[in-house]
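If you want the building blocks of each chain, they are given just below.
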Amino acid sequence: MKAIVIEQYGGKEQLVEKEVSTPEIKSNQVLVELHATSINPIDWKLREGYLKEMLDFDFPIILGWDAAGVVKETGSDVQKFKVGDRVFARPELSRLGTYAEYTAIDEHVLSHLPDEISYEQAAAVPLAGLTARQCLVDFAEIKKGDKVLVHAGSGGVGHYAIQIAKSFGAYVAATASIKNKEWVEQLGVDRFINYQEEDFSEVLEDFDIVLDTLGGEVQEKSFGVLKKGGRLASIVQAPDEKMAEEYGVKAGFEWLEPDGEKLAQLANLMIEGKMISKVGHRFPLTEEGLREAHQLSESHHATGKIVITIP
């Protein structure tokens, strides 16, 4: 099969096209013929070698951990899926990812893909959508009427977080640049903050939940907009425990645990019209396509999700 691999850590030029063996599945896995995948920051962070102590994979490595496609083969223990099923998933982290024509996926992280949702729309969801859901639902225990601040509301995780929060009946504020104002507001944001002209920490107070996608100074200032008993979930760095204690809030760093049933809940939101994938950029499964996609993701100026189409 065709795949885009890295054979050593480094810049985007390490992404090279190769013919590799189609993965062999275990008894609890299915083989998925991929129609689309998407780019997430973990992809280029691993490519650069930033995560090598945590994810010590042998080379060559196929990056990518979003999958949408069709089941081609099932393991002997697989119960819920059959050949021909449309599916999507955030596979478990392994060195055989989704920048490829086929990938092996564990049954427990897989979800059926309803016919109403395209492969591109589906491929954008798993990692970013599940991350947003885990932060808001599992960690912050969001409920109707909560006031929620989402940083970088035009980003991959951010735009799903806005929609998930609104589906719970929350009041949502979001930061983004002015060029993304219109479509971020279309997601249902109650208070848009142009971070280039307005300091969120000076205009917001008494919030129940903050989703931190940026870290650093933004994370530090976020403590000040929370009420006592508020929750701060970060996807970039562990929050300062002393600050959390000082402000009387629950704060934590969230690392995604993939889950097929929770992914199915996000698919239901899409079918109900309560959540869309903003696919801002598309690239083909080629060496050049992946290099351009990584460069865009690293710039932090992508709008919505970057999707890779696999014909």
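Above this text you will find the structure in question.
Parameters at a glance
- Residues numbered from 1 in each chain as written.
- Predicted model: local features only at pLDDT ≥ 70, side-chain atom pairs only at ≥ 80, totals over all residues.
- Heavy atoms only, no water.
- Axes fitted to C-alpha atoms, helices over the stretch in contact; angles between N-to-C directions.
- Helix = DSSP H or I, 4+ residues; strand = E, 2+ residues; numbered from the N terminus.
- Parallel < 35°, antiparallel > 145°, perpendicular 65-115°, else oblique.
- Left-handed = near helix turned anticlockwise from the far one by under 90°.
- Contact = heavy atoms within 4.5 Å.
- Nonpolar A, V, L, I, M, F, W, Y, C, P; charged D, E, K, R; others polar.
- Pairing = 2+ DSSP bridges.
- Patch = residues over 30% accessible without salt bridge, like charges linked within 9 Å, V, L, I, M, F, W, Y side chains within 5 Å.
- Areas by Shrake-Rupley, 256 points an atom, 1.4 Å probe, with all protein chains shown as cover.
- Salt bridge = Lys/Arg side-chain N within 4 Å of Asp/Glu carboxyl O.
- Buried < 20%, exposed > 50% of the residue type's maximum accessible area, 1.4 Å probe, protein only.
- Core = buried A, V, L, I, M, F, W, Y, C linked by side-chain atoms within 4.5 Å.

K.L.:
Just to check I follow, could you spell out the packing of helix α3 (residues 126-139) against helix α4 (residues 156-167) for this structure?
P.N.:
The packing of two helices is summarised by the inter-axis angle and the distance between the axes. Running from amino to carboxyl end, α3 crosses α4 at an angle of 50°, the nearest separation of the two axes being 8 Å. As the angle between them shows, α3 and α4 are arranged oblique. Crossing angle aside, the handedness with which α3 passes α4 is right-handed. Contact residues: α3 offers A128, G129, T131, A132, R133, L136 and V137, while α4 offers G156, V157, Y160, A161, I164 and A165. Its residues assigned to classes, the contact of α3 with α4 comprises nine nonpolar, three polar and one charged.

K.L.:
Got a minute to help me understand the sheet that holds strand β8 (residues 147-150) in this structure?
P.N.:
The strands that make up a sheet pair up through hydrogen bonds in the backbone, lying either parallel or antiparallel. Strands sit in the order β10-β9-β8-β11-β12-β13 across an open sheet of six strands; the sheet is parallel. Each edge of the open sheet carries a strand with a single partner, namely β10 (191-194) and β13 (250-253). Adjacent strand axes in the sheet meet at a mean angle of 15°, parallel and antiparallel pairs treated alike. Across four bridges, the pairing between strand β12 (residues 226-234) and β13 is parallel. When the sheet's bridge partners are listed, A233 is paired in β13 with G252.

K.L.:
Even after reading the chapter, I still don't get a nonpolar patch on the surface, so can you show me in this structure?
P.N.:
Taken together, the side chains of M54, F253 and W255 present a nonpolar region at the surface, about 300 Å² in accessible area. Along the chain, the position of M54 falls in the loop between α1 (41-48) and β4 (67-74).

K.L.:
What is the right way to read the environment of L204 from this model?
P.N.:
In this fold, L204 is placed in the loop between α6 (200-203) and β11 (207-212). Spatially, the C-alpha atom of L204 lies 8.7 Å from that of A173, the residues being 31 residues apart in sequence.

K.L.:
Before we go on, may I ask you to explain the pattern of salt bridges in this structure?
P.N.:
Pairing between side chains becomes possible if they bear opposite charge and their charged atoms approach one another. This model, assessed by the stated rule, comprises 19 salt bridges. Here K305 ties to D66 by a salt bridge, and the two come within 3.8 Å at their closest N and O atoms. A residue pair is termed long-range when its members are at least 10 positions apart, and K305 in strand β15 (residues 305-309) and D66 in the loop between α1 and β4 qualify at 239 residues. Of the residues examined, D66 reaches a relative accessible area of 0% and is grouped as buried. Here R86 ties to D115 by a salt bridge, and the two come within 4.0 Å at their closest N and O atoms. Here the residue R86 occupies a position in strand β5 (residues 86-89), and D115 occupies one in the loop between β7 (110-112) and α2 (119-124), the gap between them amounting to 29 residues. Where salt bridges share partners, they join R47, E48 and E298 into one cluster.

K.L.:
Could you clarify how one ought to interpret the nonpolar core in this entry?
P.N.:
Within soluble globular proteins, side chains that are nonpolar tend to cluster in buried spots. Counting residues in each nonpolar core, the largest one holds 91 residues, and the members touching the most others are L46, Y99 and L136. For this core, the leading source of residues is α3, giving eight residues. With residues near it in sequence (within four places) discarded, Y99 still touches A3, I4, L15, T37, I39, D43, I62, L63, G64, L285, L290 and H294. F200, F207, A244 and V249 belong to the second largest nonpolar core, which has 14 residues in total.

Without other data, these values stay purely geometric and don't point to any function.
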